[in-house]
Amino acid sequence: MPTVTVPARKRIAIVAHDNKKPELLTWVAARRDLLVAHELFGTGTTGKLVAERLGLPVHRFLSGPLGGDQQIGAFIAELKLDALIFFWDPLEAQPHDPDVKALIRVAVVWNIPVACNEATADHLLTSPLMATEYARTVPV
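For clarity, every value in this text was computed on a predicted model and none was experimentally measured.

K.L.:
Lay out the sheet that holds strand β4 (residues 58-60) with the relevant residues and their values.
P.N.:
Read across the open sheet, the 5 strands follow the order β4-β3-β2-β5-β6; overall the sheet is parallel. Both outer strands of the open sheet, β4 and β6 (114-115), are each paired with one neighbouring strand and no more. Inspection of the sheet shows strand β5 (residues 83-87) paired to β6 by 2 bridges, in the parallel sense. Residue pairing across strands places I85 opposite A115, the latter belonging to β6.

Structure representation (structure tokens):
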């Protein structure tokens, strides 16, 4: 399989369902010093909240239900994102649930790290691989 070189400064997508936005904001605030070293991308509302409340620059896509999840998926397939942190709510039905599943599927197909909860996000962000170049295998 071919590989791509992921730079030391990662391009990280951050997403959260409505019920998980407060949890994600708290998580980002506590890890601001680590996240500032990377380039952040987010769906509409999540990206706006992180930028406004925490003062971090975030490239924003549309809101998830309006196509933001697909936009992030496209960036993953175009090798423009290196990691996905998605605080999703498994206990609440989401009207755009197929989009969420498609996003996770694309992330797995393109072999990028995915964190769906705080514990995994902590492990991902504090991994030594987050601060170095990394050769990642890709499907094509």
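That was the structure; now back to the text.
K.L.:
Give me the lowdown on the UniProt feature "active site" (unreviewed entry) in the protein chain, citing residues and values where you can.
P.N.:
This chain's UniProt record puts "active site" (unreviewed entry) on D69. Looking at the secondary structure, you find D69 in helix α4 (residues 68-77).

K.L.:
Mind laying out the pattern of salt bridges, listing which residues take part and the relevant values?
P.N.:
One pass over the structure, following the stated rule, counts 7 salt bridges. In this structure, K20 engages E23 in a salt bridge whose closest nitrogen and oxygen atoms are separated by 3.3 Å. Relative accessible area serves as the criterion here: at 28%, E23 is assigned to the partly exposed category. A salt bridge links R31 to D122; the shortest N-O distance between them is 2.4 Å. In this pair, R31 sits in the loop between α1 (21-30) and α2 (32-35) while D122 sits in helix α6 (residues 118-126), placing the two residues 91 residues apart along the sequence. With relative accessibility at 22%, the residue D122 sits in the partly exposed group. Look at the salt bridges and you will find they share partners, linking R31, E118 and D122 into a network.

K.L.:
Requested: an account of α1, with residues and values cited.
P.N.:
Buried within α1 we find K21, L24, L25, W27 and V28. Down the axis of α1, the buried side of the element spans an arc of 165 degrees, and every buried residue falls inside it. Projecting away from the buried face of α1 at angles above 90 degrees are the exposed residues P22, T26 and A30. Packing partners of the buried residues in α1 comprise β2 (11-16), α2, α3 (44-54), β5 and α6.

Rules used throughout
Residues numbered from 1 in each chain as written. Predicted model: local features only at pLDDT ≥ 70, side-chain atom pairs only at ≥ 80, totals over all residues. Heavy atoms only, no water. Pairing = 2+ DSSP bridges. Helix = DSSP H or I, 4+ residues; strand = E, 2+ residues; numbered from the N terminus. UniProt positions renumbered as here; feature names shortened; annotations may be inferred. Salt bridge = Lys/Arg side-chain N within 4 Å of Asp/Glu carboxyl O. Buried < 20%, exposed > 50% of the residue type's maximum accessible area, 1.4 Å probe, protein only. Arc of directions from axis to C-beta. Contact = heavy atoms within 4.5 Å.

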